Every structure is written in C-alpha cells, then in structure tokens.
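An overview of the molecular structure
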Amino acid sequence: MRSKVAICFLLGLLSLVVFLPGTTMSLWDRDEACNAQCAKEMLQRRDPIVPTFNYRLRTDKPPLAYWAMMVSYRLLGVNEFAARLPSVLFSVGTVLLIFLFGSRLWGKEVGLFASLIMLTNIHFPVVARAATPDPAFLFFLTLSLFLFLEGRITWGYVAAGFAVLTKGPLGIIIPLGTEVFYLFFSEGKRGIRKAFPLMGPILFLVIALPWYIMVDLRTHNQFYKGFILYHNITRFLRPIGGHKGPVFYYVVVLILALIPWSPLLPQTAYCLFKEAKEKRGHLLFLYTWILFPFVFFSLARTKLPNYILPIYPALVLSMAYTLKGLSHKGPRALKIPIVGILAMLAVLTALLGWMWLKSLFVPLGLFLVAGVLLLLAAWGFYHTKQTPLAGFRILAILMMVFLIVTPYFIVPRLEKEKLSPVFAQPIRANMKEDDLIVTHPFSVPSLVFYANHRVIREKKTRSLEAFLRSSQCRRIFLLTKAKRLGLIRQIWKGKVKVLAEGESLYPRGRLVLLLLSPGVPSKRSL
C-alpha cells in the first residue's frame, strides 16, 4: 500500500512537471480563447447557468469546465495559467486513475507502464495544457468506465453524470454503450440488465439534468437547439467547419498521436482481438471500450483528433499489458517494436531539423536535443537487451525530458506572432465608454479576452462599409489585414491612426490595428 501511494505521489509530481511548461503562454485561437472568455464572462455576471462568449449565448459546451475555470480565476486571478490549471489537474488525475486501475488489474508494473505511455506520447500532454473541456471530460469518462469495469455500476453512473455536464450526451453514450456491449458479449442478452441498476440512472439524472433544464428555460430553448441539435446531431451527420476525413482517419491519428509508442499498436491489437475472442473478462472490456468509441467516431462525419481521446486509457493499459507479455517471451519478441520506436524518433528528429531549416518555429537547440535523445534511446535499448523493459523505462524518461523542454524552445517564437495581447494593449489604453472594436473579415476570439470588451466581426466588405456608415459618430478600433489599409483610408473621411501592426500566426498574414475617429464615410464602395 505504501509503495502504491509513493508511486502515485511520484507520478503526480512528474505529470505536473511535464504538463505545466507552456501554461502561461497567450491563449490559442479559437477554442482556448472562447472557453477562457466564457468562464470569465460567467464569473463577471455571477451567473453559473448561462454560458456566454463575446457577451452572447454560447451553445458549444456544458458548464463544468467553465465552473472549474471560474474557481481557478477566483483563486489566481483571470489569466492564462488560471484558465489552463484545471485541465492540468484533471489530466494528472487521469494519469493516476490509469495507474491505480492498471495496478488492480495486472499489477503495479503494468499500471506504471500504462500511465507512463499516457504521460509521454506527443498528443496527451498537449491536450493537458489546453484550456478546453477535453481533460475534464476524459477524467470523468475514465472514472466512469473503470467503475463499470469493477462492477460498481451505480457509481459509474455518478461519474458519467459529471461527464455529461462537461461535454454532453457522449458522457453517458460512451460508458453505457461500452458496458452494454461488454455484458452482451460476455453474458448474453440477460447480462445487459446489470447495466441498469435502479439507483444508477436516478443519481445520473439528479447530477446531470437540473442544469440542462435551467439553461434551456433561461435561454428559451436556444441552448437545446444550438448544443443538442447542432453541436451533437448535426456534427455527427455532416462535417462542420471543414473538419472531415476518411473512415480510417483515426487510424492515422493514433499512429501519429501516440508517438513514440505507436509501434506497439499492431501487436496490442492482435493480443486484444485474440484474448477478447475467448471472452476473457478485463481484456474483453478494454477491447469493447476501444472498439465502441472508435467505430462511433469513425462513422461521424465531423472528425477532429481530440474526439478519439476517450479510448486512450483503455489503449495504453492494453499496450502496457502487451508489452509485459512480450517481455516474458524474450528480447526477440520486442525487436520489431524497438526498431519501430527508434525509426519514429528518427523521423521526428528529421522533421524538427526540416522545420529549423525552414524557420518554422523550431530553433536549432530543440533539433539538437531531439538528436541527443534519439542517440540515448538507441543506447538504452542496446545496453538493456537482456532486460528490455528497462529500455522502455529509459525511453519514457527521455520523452519526459523532451516534452518538458519543448515549450521553452518553441513558445517564445510562437508568442511573437500571437498578436492579440499586443493589439489589446493600445485598445485598453485608449478605450472610451462608447468605443467599438471591429475585426474584418476574420474573427479573433482571443481579442475579446485580452481587450475585455465585445468585438464585432464584419465578415463581408459590404457589411463593413454599411457598419462604418451607421457608426460615423463613434470611435472604432478596427483590426484588419494590412493590405486593406489604403481602402479604409479612402472610405473613412475622419482620422485613421495606426496603433499597431505585425505578422500574425492566426489569422495568417500581416495585420494592422486602426483607430478610426469620428468622420463621415465617403460614398465610394469598398
């Protein structure tokens, strides 16, 4: 027991060390900025029920992630770190859950390897640092499924209730669907009844339903239409925002996202299929946990890399179980995965080198660090041939180093082209009561957060012209592309002052911030 507590403490500490770097950088457009600003507005209005962004109803997500950010804002002030801290803590919790349940299933070694694979792939640490609902959703979903796996189904419904408050119906569809299919495959139709204990659904509804009722009443059914009908049903039936892909989209995502561990995937899939076919309890459950969401999201028309996150805990546990099984067969059984891992690290190093040569945010230092770590990984595997699991431990340590130092190399270069904080400074310094902020033709959600003011987007040129005509008696801060400056000067007869400009990462290109003082626009069309 004491050793398990010590490992949990060490894992939690290592997770914080890996996840915290980069959490103070400026917010990313679009999702991070929208989520952070939504929590900020709810806190300012002292309204935990109705989520708003840019001071209008936001129907993208339920409130639990916003609530966590609001608590963080209360404790640490409204800033980027406070917006991201809940995600970091939920992610640490997910890593610890994987260790605890992996230890119960197959021992501490499998639990530790599973948590290390989760901690040191290149995708999950990025998610853990982001001010999005995904880390909280993954934590409650993982907790719910592990409780179902242990037979504590009523408590699994409780965790699913919080998952539904974090990201919606998927919080119950995924765990309940997994449990129902597992019981059907293992016990037949009669076994499905076990998935519906009396108190489970009741507690689930007590936790999840009240907020949905209140928000729908307060918004006159608008939240239901936006969230359930559009962001859930419509996203499943057709691509939204250009996020589409072939049916094998998530196969590619898993191969890339789980670098450097993805060479273990083929043997893991074979092991799972073989043992699940024999209806072996825990592995059958993990197989169902992986397969059900994978098929569900593969059939959905809208596709994004983060959608597949719910299968990660089951997948890393299966990979750790397979890894231990292969190690018992001797060094030769692990030869192919080791070669694959080193090849992937070599490709990653080469990619960083190419990005350095092309000046794509990667400095020489990071390329050299990756090269040194590649050599150390090869040395580690070579010198631990007789105890191959030791080589994988060295790999995990080296990946931790890489993930910790990467933000320190990349963030300063990215910050130079994330201009919302830069543009917000002159806006706040010059803002008067009746002033307006306008962007054209793009939207910049992070500008709302940093300017602490509503931002109007005029997407089309004609709509901008009409807006300028109707606002001739007010000062306007206009953020647009630098190439449109000449046209703006021709239209606006009042004073046009350039407050700031620079090369922007999003939207891409050279942007300029203008202050339009009152005047009468000309009749010339844009």
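First things first, this report covers the structure right here in the doc. In this text the structure is predicted, and so the values were computed from the model without any measurement.

Counting residues in each nonpolar core, the largest one holds 118 residues, and the members touching the most others are Phe19, Leu254, Ile308, Tyr312, Phe392 and Phe402. It is helix 18 (residues 388-415) that provides the largest number of residues to this core, a total of 12 residues. Those residues within four positions of Ile308 in sequence are excluded, and the remaining contacts are Tyr250, Val253, Leu254, Phe294 and Phe297. The next biggest cluster of nonpolar side chains, apart from the first, holds 35 residues, and it includes Cys38, Met42, Leu43 and Met69.

Turning next to the packing of helix 7 (residues 134-149) against helix 8 (residues 153-167). The geometry of helix 7 relative to helix 8 is characterised by a closest axis approach of 8 Å and an angle of 165 degrees between their N-to-C directions. What the angle tells us is that helix 7 and helix 8 run roughly antiparallel. As helix 7 packs across helix 8, the resulting crossing turns out to be left-handed. Where helix 7 approaches helix 8, its residues Asp134, Ala136, Phe137, Phe140, Leu141, Leu143, Ser144, Leu147 and Phe148 are matched on the opposing element by Ile153, Trp155, Gly156, Tyr157, Ala159, Ala160, Phe162, Ala163, Thr166 and Lys167. When the residues that make up the contact of helix 7 with helix 8 are grouped by side-chain class, the tally is 14 nonpolar, three polar and two charged.

This part takes up the sheet that holds strand 7 (residues 509-516). In spatial order, the strands read 4-3-5-7-6; together these five strands make up an open sheet with mixed pairing. Of all strands in the sheet, those bounded by a partner on one side alone are strand 4 (456-457) and strand 6 (496-504). Examined bridge by bridge, strand 5 (residues 476-481) and strand 7 share six bridges and lie antiparallel to one another. Of the residues in strand 7, the one forming a bridge with Thr480 is Val512.

Contact geometry of helix 9 (residues 170-187) with helix 14 (residues 281-299) gives a least axis separation of 9 Å together with a crossing angle of 130 degrees. With respect to each other, helix 9 and helix 14 are oriented oblique. By crossing handedness, the relation of helix 9 to helix 14 is classed as right-handed. On helix 14, the residues touching Leu170, Ile173, Ile174, Gly177, Thr178, Glu179, Phe181, Tyr182, Phe185 and Ser186 of helix 9 are Gly281, Leu284, Phe285, Thr288, Trp289, Phe292, Pro293, Phe296 and Phe297. Counted by class, the contact of helix 9 with helix 14 contains 13 nonpolar, five polar and one charged residues.

For an α-helix, 3.6 residues make a turn, and residues three or four places apart therefore share a direction. Compared with an ideal rise of 1.5 Å per residue, which puts 15 residues at 21 Å, helix 8 spans 21 Å between its outermost C-alpha atoms and is within 8% of the ideal. In terms of residue burial, helix 8 counts as a mostly covered element, since 12 of its 15 residues are buried. When we look at burial in helix 8, the residues that qualify are Ile153, Gly156, Tyr157, Val158, Ala159, Ala160, Gly161, Ala163, Val164, Leu165, Thr166 and Lys167. On its buried side, helix 8 packs onto helix 3 (64-76), helix 7, helix 9, helix 10 (199-218) and helix 11 (222-237). Of the residues one or two after helix 8, Gly168 is the one with positive phi, at around 100 degrees.

We now examine the pairing of strand 7. Of all the eight residues making up strand 7, six are buried; the element is thus mostly covered by neighbouring parts of the structure. Of the pairings in the sheet, the one linking strand 6 to strand 7 comprises eight bridges and is antiparallel in character. Bridge assignment links Val498 to a residue of strand 7, and that residue is Leu514. Counted along the chain from strand 6 to the antiparallel partner strand 7, the turn is four residues long.

So, about empty space enclosed by the protein. What the rule picks out here adds up to two cavities of 30 Å³ or more. Approximately 110 Å³ is the volume attributed to the largest cavity. Lining the largest cavity are Leu345, Leu348, Thr349, Ala370, Leu373, Leu374, Ala377, Leu395, Leu398, Met399 and Phe402. Contributions of two or more residues to the lining of the largest cavity are made by helix 16 (335-357), helix 17 (364-383) and helix 18. Tallied by class, residues from the lining of the largest cavity come to 10 nonpolar, one polar and no charged. The volume enclosed by the second largest cavity comes to roughly 40 Å³. Around the second largest cavity, the lining residues are Ala65, Ala68, Met69, Ala83, Pro86, Ser87, Phe90, Thr132 and Ala136. When residues of the lining of the second largest cavity are traced back to their parent elements, those giving at least two are helix 3 and helix 4 (80-106). Each residue belonging to the lining of the second largest cavity can be placed in one class, and the counts come to seven nonpolar, two polar and no charged.

Bringing a nonpolar patch on the surface into the picture now. Taken together, Val247, Phe248, Val251, Val252, Ile255 and Leu256 make up a surface patch of nonpolar side chains, about 520 Å² in accessible area. In this structure, Val252 sits in helix 12 (residues 249-257). Judged by relative accessible area, which is 39%, Val252 ranks as partly exposed.

Moving on: a positive patch on the surface. Taken together, the side chains of Arg30, Arg457, Lys459 and Lys460 make up a positively charged region of the molecular surface. As for its position among the elements, Arg457 is in strand 4. Since its relative accessible area comes to 40%, Arg457 is described here as partly exposed.

This part is about helix 16. Across its 23 residues, helix 16 extends 33 Å between first and last C-alpha, which sits within 8% of the 33 Å expected from 1.5 Å per residue. When helix 16 is considered as a whole, its buried residues turn out to be Pro337, Ile338, Gly340, Ile341, Met344, Leu345, Leu348, Thr349, Leu352 and Gly353. Ser359 sits one or two residues past helix 16 and shows a positive phi near 60 degrees.

Per the stated rule, a full pass over the model turns up 16 salt bridges. Between Arg84 and Glu32 there is a salt bridge, with its nearest N and O atoms 2.8 Å apart. In this pair, Arg84 is assigned in helix 4 and Glu32 in helix 2 (residues 31-45), connecting sequence segments 52 residues apart. By relative accessible area, Glu32 is classed as buried at 5%. One connected set of salt bridges, linked through shared partners, spans Arg45, Asp47 and Arg218.

Quick notes on the rules
Residues numbered from 1 in each chain as written. Predicted model: local features only at pLDDT ≥ 70, side-chain atom pairs only at ≥ 80, totals over all residues. Heavy atoms only, no water. Core = buried A, V, L, I, M, F, W, Y, C linked by side-chain atoms within 4.5 Å. Buried < 20%, exposed > 50% of the residue type's maximum accessible area, 1.4 Å probe, protein only. Helix = DSSP H or I, 4+ residues; strand = E, 2+ residues; numbered from the N terminus. Contact = heavy atoms within 4.5 Å. Axes fitted to C-alpha atoms, helices over the stretch in contact; angles between N-to-C directions. Parallel < 35°, antiparallel > 145°, perpendicular 65-115°, else oblique. Left-handed = near helix turned anticlockwise from the far one by under 90°. Nonpolar A, V, L, I, M, F, W, Y, C, P; charged D, E, K, R; others polar. Pairing = 2+ DSSP bridges. Expected span 1.5 Å × (residues − 1). 1 Å grid on protein atoms, 1.4 Å probe; cavity = no way out; pocket = protein on both sides within 12 Å on 5 of 7 lines; lining within 4 Å. Points joined across faces, edges and corners; volume = space filled by probe spheres on them. Patch = residues over 30% accessible without salt bridge, like charges linked within 9 Å, V, L, I, M, F, W, Y side chains within 5 Å. Areas by Shrake-Rupley, 256 points an atom, 1.4 Å probe, with all protein chains shown as cover. Salt bridge = Lys/Arg side-chain N within 4 Å of Asp/Glu carboxyl O. Lys, Arg positive; Asp, Glu negative; His and termini not counted. Charge placed at Lys NZ, Arg CZ, Asp CG, Glu CD.

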